[in-house]
Amino acid sequence: MTITSHAASVRFENVTKAYGAVVAVDRVSFTIEPGQLVTLLGPSGCGKTTTLRLIAGLEMATDGHIFIGENDVTKLPVTDRDVSMVFQSYALFPHMNVNENVGYGLKVSGMKKREAQERSQEALRLVGLSDLGERMPAALSGGQQQRVAVARALVLEPQVLLFDEPLSNLDAKLRRRVREEVREIQQNLGLTTVYVTHDQEEALAVSDRIVVMKNAAIAQEGTPRELYDHPANSFVADFIGDANIVEGTILGGGGETANVRIGCLEMELPCRSASAGPAKIAIRPEAIRLSAGDHGTGMRGTVRKATYLGNHLEYTIETEVGPLFVSDPHVEAPVAPGEIVGVQFEHRGVTLINDPSDDAERASESSPQ
Amino acid sequence: MMSFHRVLHDERVWSFALVAPALVTVGLLFIYPLGFSAVSAFSAEEGGWTFANFIKAFDLYSNDILFTVVIVSLSTVLIGFFAIAIGGYLTLGENPYAVAILKWLYRWPLFIPFIVAAQLMRTFLAKNGLMNNLIVGSGLLEPMQTQSFLDWRGIVITFVWKQTPFVALLVAGAMASLDRSMIESARNLGASRIRILVEIILPQVRPTIVVGLILSFVVMMSVLSVPIMINAQTPTMLTVDMAFRINAYGDYGVANALGFISYLMTGVVAWIYLRQGVRQGAAP
Ligand SMILES: Nc1ncnc2c1ncn2[C@@H]1O[C@H](COP(=O)(O)OP(=O)(O)OP(=O)(O)O)[C@@H](O)[C@H]1O
Ligand SMILES: [Mg+2]
């Protein structure tokens, strides 16, 4: 007996969910291909959990359509959807032992007891808990409880597997390990998985694609690389990794690139359909090069703050385009606060943000520290 | 001065001071009257020990003893059923308006004294009472076909009506404090609402249900007004017999013997209660 997958795609078409006046999900559309792991990433309250619950059928959409595979499941009740969810609190049944917890969904579906037992065993083996079948949930560590919850969801071989911040109750070390295990199982079984997190590092680490949400809507969708290298707006730039958002000017350009002035520096940046005028530019902290001593022509800055963090140094540099947050791997040659340094930008890490509706202020307000 | 301070800081003294009022209350109001009535149940009028009171009590009232056990047990079972149904609907109900209305309505009988409840039921359940009038009015029965419910059924209905809210209140509270996502995860695994109630919720709130039912069992054992007002003919409940022995004959011996028998019945359920408490306390 092995656990396989019946992976199906998930498609949202203009889905809206409103609780009275509160719109938790606002005309959201996306498609998740079968076998992919997609994370919903965003700050607290942006509608991630609600989106997940809409897929599971624990909430019903106010408007729009939801498809799983070819089927329109918009009105299908939770019990009839072939979707398994791993809850943030794990939600194990405290009066049932591990075997009974894992086998509950099979029992409900009317599977024969022996077959159900074998399947549960197999699911527990997958998550590495074969020996703990007789334990009660209260006698398990947080990480073990989490795996039981995963096994309980896997055992039904669902079309879609959902995780709502599954690692938030684990300590940092365990979090890293469990997320790798989850990813491994997901890839081995080829499960369609939707994974909610507000931790951008976790999202970058496990995802095939990331859907960044903001204020109940999608801010950007793409592969981790696309989001990191080409954020569509300053919110995404700041949320996925850190970014300094500065004002610049598009001097002109054509086709795929644009000439941009940032303070006294000029750069050619990739860009579609740029029109001359003011623009926002996102600069990654690790794309800023500092050089000690006064460099005649380039941009100059004054070190305001320097923090030693073991494998790198963090600086706050006061420049003509405002304060810049810098991450510098050259720990052997620290620069002291008060010194004047030359500032340069590496191309790969500077992005022209080409979104007319962009509002940098709001982005940095709603992103976590 | 020093030693006084030490006394003040001695935890044992404080903890004793804290439980002392409770101990005194239990002693004065429970142990003493219980002991007194037990002793007098076994005392002969001329002095000395005897079983005569019990023999007489069984002679005269064995039917009533049985009647009491059956009525109170049946009521307890029905109360349990309805309390679980109400709690279950409040926890799992789909229609928020229905849930809100039920939540608002079900507690009312709690605030009505037993004697008023009995009076209400008399006018409701009598042969030409409100219930039968409604049934006749709706054309379901002819006036001649109606019957009075003012017998054992009346007592059971009154008990259930009066005590269900109390147990439902406890049970609904316990159900509400369960982790919502546990119920949702059971739904997600495909379980129906009934199944969730029986397999997920009930096992976790069972201690609360047992406690609620035991408390209402004890209350029903000691209610005099309901059986007197609804059904004072034989067979009736022990409380009526005790009042009768005392009021009509001044026969405290047999009354105390009947009281002692009631104590034994409630003692059995109290024992279950205590065991439940011990098990809960011992649970990890
Ligand atoms: N049952 C509800 N009734 C009313 N409003 C709700 C309900 N559930 C969620 N909301 C609102 O919908 C919005 C989105 O909530 P949601 O739980 O989806 O956020 P989230 O992205 O999961 O946040 P977090 O990271 O904090 O878990 C919030 O503003 C929240 O207050
Ligand atoms: Mg959430």
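S.K.: Account for the interface of chain B and chain A, naming residues and giving values.
M.R.: At the junction of the two partners, chain B supplies 16 residues and chain A supplies 22 residues. For the pair chain B and chain A, the summed buried area comes to about 1,700 Å², and 60% of that belongs to carbon and sulfur atoms. When the buried surface of chain B facing chain A is broken down by residue, Glu184(B), Asn188(B) and Leu189(B) rank first, second and third, together holding 38% of it. Counting the contacts that link chain B with chain A gives 2 salt bridges. The closest approach of N and O atoms between Lys107(A) and Glu199(B), which form a salt bridge, is 3.8 Å. Across the chain B-chain A interface, the total number found is 10 residue pairs in polar contact (both at pLDDT 80 or more). Mapped onto the side of chain B that touches chain A, the elements with two or more residues apiece are helix H8 (180-188) and helix H9 (193-221) of chain B.

S.K.: Report on the environment of Val182(A), specifying residues and quantitative values.
M.R.: Residue and element names in this part refer to chain A. Mapped onto the fold, Val-182 is located in helix H5 (residues 172-189). On the accessibility criterion, Val-182 (7% relative accessible area) is buried. Taking the C-alpha atoms as reference points, Val-182 and Val-341, 159 residues apart in sequence, are found 45 Å from one another. Once residues within four sequence positions are removed from consideration, Val-182 is found in contact with Phe-163 and Tyr-195.

S.K.: I'd love a proper account of the site of ligand 1, names of residues and values included.
M.R.: Residue and element names in this part refer to chain A. In the vicinity of ligand 1, the residues found are Tyr-19, Val-22, Ala-24, Ser-44, Gly-45, Cys-46, Gly-47, Lys-48, Thr-49, Thr-50 and Glu-165. In the environment of ligand 1, an oxygen atom lies 2.5 Å from a nitrogen or oxygen atom belonging to the side chain of Ser-44. Contact between ligand 1 and Thr-50: an oxygen atom at 2.5 Å from a side-chain N or O atom of the residue. About the coverage of ligand 1: the protein hides 60% of its 640 Å² of free accessible area. Secondary structure elements with two or more residues in the shell around ligand 1: strand S2 (22-32) and helix H1 (48-56). Broken down by element, the residue count for the shell around ligand 1 peaks at 3 residues, all from H1. Broken down by class, the residue content of the shell around ligand 1 amounts to 4 nonpolar, 5 polar and 2 charged.

S.K.: Could you give me a rundown of the packing of aromatic side chains, with the residues and numbers involved?
M.R.: Counted according to the given criterion, the structure contains 14 aromatic pairs over all chains. Taken together, a centroid distance of 5.2 Å and an interplanar angle of 70° make the contact between Phe93(A) and Tyr104(A) edge-to-face. Of this pair, Phe93(A) sits in the loop between strand S6 (83-86) and helix H2 (98-108) while Tyr104(A) sits in helix H2, placing them 11 residues apart in sequence. For Phe93(A), a relative accessible area of 0% translates into the label buried. Centroid distance Trp104(B) to Trp108(B): 5.8 Å. Interplanar angle 75°. Geometry classified as edge-to-face. The exposure class of Trp108(B) is partly exposed, given its relative accessible area of 46%. Members of the aromatic cluster, each reached through a chain of ring pairs, are Phe42(B), Phe51(B), Phe54(B) and Phe260(B).

S.K.: Account for the domain arrangement of chain B, with residues named and values stated.
M.R.: Residue and element names in this part refer to chain B. For chain B, the assigned domains read domain 1 (1-41) and domain 2 (59-282). Carbon and sulfur atoms make up 67% of the area that domain 1 and domain 2 hide from each other, which totals about 470 Å². Interface area lost by domain 1 to domain 2 is led by Leu-34, Ser-37 and Ala-41, which between them contribute 63%. Between domain 1 and domain 2 we count 0 salt bridges in total. Summed over the shared surface of domain 1 and domain 2, the number is 1 residue pair in polar contact (both at pLDDT 80 or more). Of the residues assigned to the side of domain 1 that touches domain 2, the class counts are 3 nonpolar, 2 polar and no charged.

S.K.: Outline the environment of Gly35(B), listing residues and values.
M.R.: Within the element layout of this structure, Gly35(B) appears in helix H2 (residues 11-41). Taking the C-alpha atoms as reference, Gly35(B) lies 9.8 Å from Phe260(B); in sequence the two are 225 residues apart.

Cut-offs used in this document
- The numbers attached to residues start from 1 for each chain and follow its sequence in the written order.
- Written order decides the labels, with chains lettered from A and ligands numbered from 1.
- Residue-level local features of this predicted model are given only where pLDDT is at least 70; pairs of side-chain atoms are given and counted only at 80 or more, and the full residue set underlies all totals for whole chains, interfaces and linings.
- The side-chain quantities take in all heavy atoms of the structure and omit both hydrogens and water.
- Contacts were defined at the residue level, with two residues in contact if any of their heavy atoms lie within 4.5 Å.
- What counts as buried area is the accessible surface, traced by a 1.4 Å probe, that two parts surrender upon association, with contributions from both included.
- By convention in these notes, a salt bridge is any Lys or Arg side-chain nitrogen within 4 Å of a carboxyl oxygen on Asp or Glu.
- Whenever a nitrogen or oxygen atom comes within 3.5 Å of another N or O atom, the pair is scored as a polar contact, on the condition that within protein one atom can donate a hydrogen and the other can accept it, and that pairs from neighbouring residues in sequence are kept only if both atoms are in side chains.
- Helix and strand assignments come from DSSP, with helices taken as H or I runs of at least 4 residues and strands as E runs of at least 2, each series counted from the N terminus.
- Exposed residues in this analysis have more than 50% of their type's maximum accessible area, buried residues have under 20%, and partly exposed residues fall in between, with area computed by a 1.4 Å probe over protein chains only.
- We call a residue near a given molecule or strand whenever any one of its heavy atoms falls within 4 Å of it.
- The method behind every accessible area is Shrake-Rupley, applied with a 1.4 Å probe, and residues are considered shielded solely by the protein chains displayed.
- The nonpolar class holds Ala, Val, Leu, Ile, Met, Phe, Trp, Tyr, Cys and Pro. Asp, Glu, Lys and Arg form the charged class, and all remaining residues, Gly among them, are polar.
- For Phe, Tyr and Trp, rings pair up if their centres lie within 6.5 Å, where Trp contributes its six-membered ring, and each pair is then called stacked (planes under 30 degrees apart), edge-to-face (over 60) or tilted (otherwise).
- The start and end points of each domain follow an automatic or database-based domain assignment.

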